[in-house]
Amino acid sequence: MSEKSLWDSKQKIRDLLEEQGIRLKKRFGQNFLVDANHRRRIISALELSKGDKVWEIGPGIGSLTHVLIAKSCDLTVFEIDHGLIRILRDLFDSSISIVEGDFLKTFKETARSTATPERIIGNLPYSSGSIMIASLVEEDLLPEIAVFTLQKEVADRMLALPGGKDYSSFSLVCQFRSRVEKICDLGGNAFFPPPQVVSSVVRLRRRPDASTGNLPDYFTAVHDLFRSRRKTAANNLKNGGLSSRYGWDTLQKAAERSSLDLGRRGETFSREEVLGFVETLSGIRPASGL
Ligand code: SAM
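If you're wondering where the values come from, they're calculated on a predicted model, not measured in any experiment.

Novice: When you look at the site of the ligand in this model, what are you seeing that I'm missing?
Specialist: The environment of the ligand is formed by 22 residues, the closest being Leu-33, Gly-58, Glu-79, Asp-102 and Asn-123. Between the ligand and the protein, one listed contact pairs an oxygen atom with a side-chain N or O atom of Glu-79 at 2.6 Å. For the ligand, whose accessible area on its own is 600 Å², the fraction buried by protein is 98%. At the level of secondary structure, the elements contributing two or more residues to the shell around the ligand comprise strand E1 (32-33) and strand E3 (74-79). Grouping the constituent residues of the shell around the ligand by class yields ten nonpolar, eight polar and four charged.

See the structure below:
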């Protein structure tokens, strides 16, 4: 039987971390993927072509990274933990470009100074995974395909449809420029150390008709509509950001013209309805700064 690679052997990972004097940090969600079959499935969901410019968020000790290198990607990885960055340098040297620090603080500058990515992949930390995705959507940096591994509850919100119990402002943010689909669920044993929660792998595929650029009114509308789940759209919008930007009368006019029933609750609106509403709104009086 052939010997297990570093990325498939909990013992080898334990030894490596000990040798390097690294203690895993819960706050960074450091659970490494140790299941080769799941790894293959996740990478194949990315539909890679040779030479694709790929971003990996949180490479850890390189469980997914080494497969991406084998696929001849032009790879940039974002890692916050200095000990793990040392390991990545030892293992992969000049095959990858490493951006050190908090992804949320480094990604915009990286996008400005290098070409924007054609694929993004990440087994994301539980604490900040949803903020990372929302930031990529708002900055319009999600490419044609992105594949993320997250806590199942977060993935359920990304996938949820209007009226469903998991439907939230995060669903409308994730579905704004992409279609979201589930690839698979992963139990705790797929990772070392095993997390207490089930994870899901989701793919975000850019919609052919996706709006480009920043569309602040969409995100403000989504935020306003979900201010209180119990209230109607009218009540939520009246005191929200859009109302102070445009005035309540203009909002009512836009709702009427786009057939948005303000008596409904925010959680019942689809992406298309919200988009139709904000597009009508900007046609009535463009928001300043656009
Ligand atoms: N990709 C590896 C794997 O699948 O085995 C590791 C995934 S682990 C769930 C999450 C990784 O994200 C860790 O390596 C952690 O140090 C890193 N990380 C956590 N917060 C981060 C942040 N804000 N910016 C960049 N990396 C972060």
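There's more to say after this.
Novice: Please clarify how the pairing of strand E5 (residues 119-123) should be interpreted in this entry.
Specialist: Along any regular strand the residues' side chains alternate between the sheet's two faces. Among the five residues in E5, five count as buried, and that is most of the element. Because side chains alternate across E5, one face comprises the buried residues Arg-119, Ile-121 and Asn-123, and the other comprises Ile-120 and Gly-122, equally buried. By the bridge criterion, four bridges tie strand E2 (residues 53-57) to E5 in an arrangement that is parallel. Note on E5: the bridge partner recorded for Glu-56 is Ile-121. The pairing of E5 with strand E6 (residues 145-151) spans five bridges and is classified as parallel. Bridging across to E6, Ile-121 finds its partner in Val-147.

Novice: Even after reading the chapter, I still don't get the side chain of Arg-207, so can you show me in this structure?
Specialist: You can see Arg-207 is positioned in the loop between strand E9 (199-206) and helix H9 (216-225). If sequence neighbours within four positions are ignored, Arg-207 has contacts with Gln-175, Phe-176, Arg-177, Ser-178, Arg-179, Arg-271 and Glu-272.

Novice: Before we go on, may I ask you to explain the state of the cysteines in this structure?
Specialist: Disulfide: a covalent bond formed between the sulfur atoms of two cysteine residues. Taken as a whole and judged by the stated rule, the model has zero disulfides. Lacking any disulfide linkage, Cys-184 is separated from the closest cysteine sulfur, that of Cys-174, by 18 Å. With a relative accessible area of 7%, Cys-184 lands in the buried category.

Novice: I tried to follow the domain arrangement of the protein on my own but got confused; where do I start?
Specialist: When the parts of a complex come together, some accessible area is lost, and that lost area is often taken as the interface size. Parsing the protein into structural domains produces domain 1 (3-206) and domain 2 (216-289). Measuring from the centre of the C-alpha atoms in domain 1 to the corresponding centre in domain 2 gives 34 Å. Listed by partner, the interface residues are 14 residues for domain 1 and twelve residues for domain 2. Between domain 1 and domain 2 lies a buried interface of about 1,100 Å² when both sides are counted; carbon and sulfur atoms form 69% of it. Its largest share of buried area at the contact with domain 2, domain 1 owes to Tyr-167, Leu-172 and Phe-176, together 52% of the area lost on that side. Taken together, the links from domain 1 to domain 2 amount to zero salt bridges. Scanning the region where domain 1 abuts domain 2 turns up six residue pairs in polar contact (both at pLDDT 80 or more). Here the side of domain 1 that touches domain 2 gets three residues from one element, more than from any other, and that element is helix H8 (residues 169-174).

Conventions used here
- Residues numbered from 1 in each chain as written.
- Predicted model: local features only at pLDDT ≥ 70, side-chain atom pairs only at ≥ 80, totals over all residues.
- Heavy atoms only, no water.
- Near = heavy atom within 4 Å.
- Polar contact = N/O pair within 3.5 Å; in protein donor to acceptor, adjacent residues only side chain to side chain.
- Areas by Shrake-Rupley, 256 points an atom, 1.4 Å probe, with all protein chains shown as cover.
- Helix = DSSP H or I, 4+ residues; strand = E, 2+ residues; numbered from the N terminus.
- Nonpolar A, V, L, I, M, F, W, Y, C, P; charged D, E, K, R; others polar.
- Buried < 20%, exposed > 50% of the residue type's maximum accessible area, 1.4 Å probe, protein only.
- Pairing = 2+ DSSP bridges.
- Contact = heavy atoms within 4.5 Å.
- Disulfide = S-S within 2.5 Å.
- Domains from an automatic or database assignment.
- Buried area = accessible area lost by both parts, 1.4 Å probe.
- Salt bridge = Lys/Arg side-chain N within 4 Å of Asp/Glu carboxyl O.

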